[in-house]
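The lines below spell out each chain.
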Amino acid sequence: MKKGNKILLLGGSAGGFGVILNLLKSIPKNFPIPIVVIVHRNPKFESNFEYVLKNTFAIQIKSAEDKETIEGGKVYFAPPGYHLLIEPDFKLSLDNSEPVQFSRPSIDVTMESASEVYQENCIAILFSGANQDGAKGLLAIKNNGGISIVQHPDSAEVATMPQAAIDINAQHHIYTTEEIVKYIHQLN
């Protein structure tokens, strides 16, 4: 791995999607760190928001594709109905195995695979959500030397997901939404 090669993961579910979108609006086009977004979406309902967003935000937005090389300056959304994994060669991999925590894509699956590849160069933020998906993935990132951040449960629309991570001490930091925005902007 090249020194300084980092990745930023954003995971959430109920109540987290709007916060993540507002955060992405503020990211400049030349943001050097690739961003992977994992939000729970139902594959039964067609969603083309990546297409809509790519014409709205400064940074490039796209749906993750199988075997695609991860690049800075891009936001990759996990497509509905697939787990999104990070491969050792810094490529994305789509998998349609069983749901984890009733979810596919699973935040845990993506975070755990990213933690193994990026280790101390992995930064992950877990937002609002109604189940415990993401807590174990965030703990894997922390245990592999990465930075793990949880949205403060009081600022989350649904506190279950961030609280699950806090309950297992998976976080380095507990930040409000405003603090998360400030943290991400200092990464640039």
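A. Highlighting the overall build of the protein chain. The helix and strand inventory of the protein chain stands at 6 helices and 9 strands. Its C-alpha atoms give the protein chain a radius of gyration of 15 Å, near enough to 16 Å, the size a compact globule of 188 residues would have. For the protein chain, the C-alpha atoms occupy an extent of roughly 40 × 35 × 30 Å along the three principal directions. The proportion of buried residues among the 188 residues of the protein chain is 51%. For the protein chain, the share of sequence-separated contacts (at least 6 apart) that also reach a separation of at least 24 residues comes to 68%. Approximately 8700 Å² of the protein chain is accessible, and the part contributed by carbon and sulfur atoms is 49%. Within the protein chain, the 20 negative side-chain charges are centred at a point lying 7 Å from the centre of the 16 positive side-chain charges.

B. Quick look at the packing of helix α3 (residues 107-118) against helix α4 (residues 135-143). Across the interface, α3 lies against α4 with an axial gap of 7 Å and an inter-helix angle of 10°. Comparing the axis directions of α3 and α4 gives the class roughly parallel. Of the residues in α4, those touching α3 at Asp108, Met111, Glu112 and Ser115 are Ala135, Lys136, Gly137, Leu138, Ala140 and Ile141.

C. Spotlight on the side chain of histidine 83. As for its position among the elements, histidine 83 is in strand β5 (residues 83-86). We classify histidine 83 as buried; its relative accessible area is 1%. Only 3.2 Å separates the side chain of histidine 83 from the backbone nitrogen of serine 106, close enough to count as a polar contact. Once residues lying within four places of it in the same chain are set aside, the contact partners of histidine 83 are Ser93, Leu94, Asp95, Ser97, Glu98, Pro99, Val100, Ser103, Arg104, Pro105, Ser106 and Val109.

D. Inspection of the sheet that holds strand β2 (residues 35-39) at higher detail. The 7 strands lie next to each other as β3-β4-β2-β1-β7-β8-β9, forming an open sheet whose pairing is parallel. Either end of the sheet is taken by a strand with one partner, and the two such strands are β3 (60-63) and β9 (173-175). Taking the axes of each pair of neighbouring strands and ignoring which way they run, one obtains an average angle of 20° across the sheet. In terms of strand pairing, strand β1 (residues 7-12) meets strand β7 (residues 122-126) through 5 bridges, oriented parallel. Paired with leucine 8 across the strands is isoleucine 123, a residue of β7.

E. Fine view of the pattern of salt bridges. Applying the stated criterion to the full structure yields 3 salt bridges. We note a salt bridge from lysine 62 to glutamate 68, for which the minimum N-O separation is 2.8 Å. Each of the two residues, lysine 62 as well as glutamate 68, counts as buried. Taking the shortest distance from any N to any O, the salt bridge between glutamate 71 and lysine 74 comes out at 2.8 Å. Judged by relative accessible area, which is 38%, glutamate 71 ranks as partly exposed. Taking the relative accessible area as the measure of exposure, lysine 74 reaches 15% and is therefore buried. Each of Lys62, Glu65 and Glu68 takes part in a single network of salt bridges with overlapping partners.

F. Looking closely at the confidence of the model for the protein chain. Summing up the model confidence of the protein chain, the mean pLDDT is 90 and the portion of residues at 70 or higher is 90%. Ranking the elements of the protein chain by mean pLDDT puts helix α2 (residues 49-54) last, at 60, and α4 first, at 98.

G. View of the pairing of β5. Bridge count between β5 and strand β6 (residues 92-95): 4 bridges; the pairing is antiparallel. Note that in β6 the partner of leucine 85 across the bridge is serine 93. Hairpin connection of β5 to β6: 5 residues between the antiparallel strands, including phenylalanine 90 at a positive phi of 65°.

H. The arrangement of the packing of aromatic side chains in detail. Counting across every chain of the model gives 2 aromatic pairs. With 5.2 Å between their ring centres and 70° between their planes, phenylalanine 90 and tyrosine 118 make a pair best called edge-to-face. Of this pair, phenylalanine 90 sits in the loop between β5 and β6 while tyrosine 118 sits in helix α3; the two residues are 28 residues apart in sequence, bridging distant segments of the chain. For tyrosine 118, a relative accessible area of 2% translates into the label buried.

Conventions we followed
Residues numbered from 1 in each chain as written. Predicted model: local features only at pLDDT ≥ 70, side-chain atom pairs only at ≥ 80, totals over all residues. Heavy atoms only, no water. Helix = DSSP H or I, 4+ residues; strand = E, 2+ residues; numbered from the N terminus. Rg over C-alpha atoms; globule rule 2.2 N^0.38 Å. Buried < 20%, exposed > 50% of the residue type's maximum accessible area, 1.4 Å probe, protein only. Contact = heavy atoms within 4.5 Å. Areas by Shrake-Rupley, 256 points an atom, 1.4 Å probe, with all protein chains shown as cover. Lys, Arg positive; Asp, Glu negative; His and termini not counted. Charge placed at Lys NZ, Arg CZ, Asp CG, Glu CD. Axes fitted to C-alpha atoms, helices over the stretch in contact; angles between N-to-C directions. Parallel < 35°, antiparallel > 145°, perpendicular 65-115°, else oblique. Polar contact = N/O pair within 3.5 Å; in protein donor to acceptor, adjacent residues only side chain to side chain. Pairing = 2+ DSSP bridges. Salt bridge = Lys/Arg side-chain N within 4 Å of Asp/Glu carboxyl O. pLDDT = per-residue confidence, 0-100. Phe/Tyr/Trp six-rings, centres within 6.5 Å; stacked < 30°, edge-to-face > 60°.

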